[in-house]
Amino acid sequence: INFQKATGAGNDGFVTITQDCIAQNYTTPSIQSGSFSVSGDPFQYRHMKWTLAGNEVVEVNNGSITFTQGINPNDSRYANSSLDRTIGTPIAQMFRISGRFNVNLVDTTYIDLWETAAALSGTNSLVFEQSASNKITFTFTGMYVEPVPLGETNIEGINSADFVFTATGVTVVAIDSISAW
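To start, this report covers the structure provided alongside it.

Parameters at a glance
Residues numbered from 1 in each chain as written. Predicted model: local features only at pLDDT ≥ 70, side-chain atom pairs only at ≥ 80, totals over all residues. Heavy atoms only, no water. Helix = DSSP H or I, 4+ residues; strand = E, 2+ residues; numbered from the N terminus. Buried < 20%, exposed > 50% of the residue type's maximum accessible area, 1.4 Å probe, protein only. Contact = heavy atoms within 4.5 Å. Areas by Shrake-Rupley, 256 points an atom, 1.4 Å probe, with all protein chains shown as cover. Pairing = 2+ DSSP bridges. Axes fitted to C-alpha atoms, helices over the stretch in contact; angles between N-to-C directions. Salt bridge = Lys/Arg side-chain N within 4 Å of Asp/Glu carboxyl O.

### Some remarks on the overall build of the protein
- The helix and strand tally for the protein stands at one helix and ten strands.
- Put simply, the protein runs from its N terminus to its C terminus through helices and strands in the order β-β-β-β-β-α-β-β-β-β-β.
- The buried share of the protein, taken over its 181 residues, is 28%.
- Residue pairs in contact within the protein that sit at least 24 positions apart in sequence constitute 74% of those at least 6 positions apart.
- For the protein, the computed accessible surface area is about 12,200 Å², with 50% contributed by carbon and sulfur atoms.

Right under this line is the structure:
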């Protein structure tokens, strides 16, 4: 999941998501006729709210979150004629959640969190919300902040730094006009 604030008027600043999939088997697809249309508005940077250690973080410039299952398809390929060209059941390894948010440093709050070297207490969540009937909430558990060295002081403006974290778990709740997931 990636997001970045817009730099002016227009349609930039959309939240983008990329995914890598591993398939156990495959079939050759047939060409489908018809059209595809998006039925809702995409999320933009302005729909985001980040809560860290129970406090809302307003000064976010951009960020990304990565969810990794640690699946290597080669670990599930076997010399077995029953499987033929398919792979066996994927073997999940270490589930990891990592992320980076670039924030403006307006006081020492984030510097204090960087120096904690312990799991953050309170609510740690990321919410993308257009309305009460169209939102997705990621609530992180076991969230640790990686120490980040501060760069040079920006004499002409605000200082910013990357808030890098890892988490051991996440609960996701998605609500849209069709269903609550």
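### Some details on the sheet that holds strand 3 (residues 55–57)
- Strand order in the open sheet formed by five strands is 3-2-6-7-10, and the pairing between neighbours is antiparallel. The outermost strands of the open sheet, each flanked by one partner alone, are strand 3 and strand 10 (169–175). Looking at each pair of strands side by side, their axes are set apart by 25 degrees on average, direction ignored.

### Observations concerning the pattern of salt bridges
- Inspection of the entire model under this criterion finds one salt bridge.
- The salt bridge partner of Arg100 is Asp162, with a shortest N-O separation of 3.4 Å. On the criterion of sequence distance, the pair formed by Arg100 in strand 5 (residues 96–105) and Asp162 in strand 9 (residues 159–167) is long-range, its members being 62 residues apart.

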